[in-house]
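Understanding the architecture of this molecule
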Amino acid sequence: MTKPDTSCTSIEIAEPDVIAAMRQIEGYIDISPGDFREVYRLAFDHAMQRLRDSVTAADIMTAPVQCIDADMDLQQAAQELADKVYSGAPVVDGDGRIVGVISEKDFLARMGLEQPATFLRIIAHCLTTKGCMAIALRNHAVREMMTAPPVTAGPEITVGEISRLFIDRRINRLPIVDPDGRPLGIVTRTDLVQSYCI
């Protein structure tokens, strides 16, 4: 995946942010240090809200997105994700439509590990369980284990809405799709954090 060439810039507090902040403070403002801090805090909040409402998935997504075929063998899918150092990817059907998402969490859950599964938890489980717990994943296809239906969105979704989706749905990546459900890009937690960088 190639990342769009976007640079991280500071959030600038514009005059409308300051005016909105000043209107929010009740009473006379004599611009004492305390009042200034309050105006600044409120103006910053307004600037952040403006950012959350104006930056969209199209502005921050990674495109094109690496997808996994729903009929791919789990062993092959795990190798592909590991080779690319991805913790998950959208899953597409034969028509190129996103039908699910496969991630480390899906593999760990199928192997009988509760969340959150750390490396040491995996080692402890392996040392107390007879045989390799990943053997049970052999000869199965991605579609048997993927999370479906997938949570997806169009390119117009704002970073504020994406943030809420990540929290409410407990997801780490959001495939961005066209009206037919075909992938346009993906927004990860890293993309989201970078969109807020100051």
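Here the structure is shown first, and the text comes after it.
Everything numeric in this text was worked out from a predicted model, so none of it was measured. (Residues numbered from 1 in each chain as written. Predicted model: local features only at pLDDT ≥ 70, side-chain atom pairs only at ≥ 80, totals over all residues. Heavy atoms only, no water.)

Another point: the sheet that holds strand 2 (residues 88–92). Taken in spatial order, the 3 strands line up as 1-2-3 in an open sheet, and their pairing is mixed. What marks the edges here is a single partner per strand, and that holds for strand 1 (68–69) and strand 3 (98–103). Note: strand 2 against strand 3, 5 bridges, orientation antiparallel. Among the inter-strand pairings, Val91 is bridged to a residue of strand 3, identified as Gly100. (Pairing = 2+ DSSP bridges. Helix = DSSP H or I, 4+ residues; strand = E, 2+ residues; numbered from the N terminus.)

So, on to the environment of Thr118. With respect to the helices and strands, Thr118 occurs in the loop between helix 5 (104–110) and helix 6 (119–128). As for Thr118 and Leu108, which are separated by 10 residues in sequence, their C-alpha atoms are 9.9 Å apart.

Burial analysis of strand 3 places 5 of its 6 residues in the buried class, the great majority of the element. What sits between strand 2 and strand 3 in their antiparallel hairpin is a turn of 5 residues, with Gly96 showing a positive phi close to 80°. (Buried < 20%, exposed > 50% of the residue type's maximum accessible area, 1.4 Å probe, protein only.)

Residue position: Arg173 is located in strand 4 (residues 173–177). At 2.5 Å, the side chain of Arg173 and the side chain of Ser87 are in polar contact. Beyond its immediate sequence surroundings of up to four residues, Arg173 is in contact with Ser87, Gly88, Ala89, Val101, Ser103, Phe166, Ile186, Val187 and Thr188. (Polar contact = N/O pair within 3.5 Å; in protein donor to acceptor, adjacent residues only side chain to side chain. Contact = heavy atoms within 4.5 Å.)

In this section: the environment of Thr158. Counting through the fold element by element, Thr158 comes out in the loop between helix 6 and helix 7 (159–169). Each C-alpha atom of the pair Thr158 and Asp59 lies 9.3 Å from the other, and the pair is 99 residues apart in sequence. If we skip the residues at most four places from it in the chain, Thr158 touches Arg52, Asp53, Val55 and Thr56.

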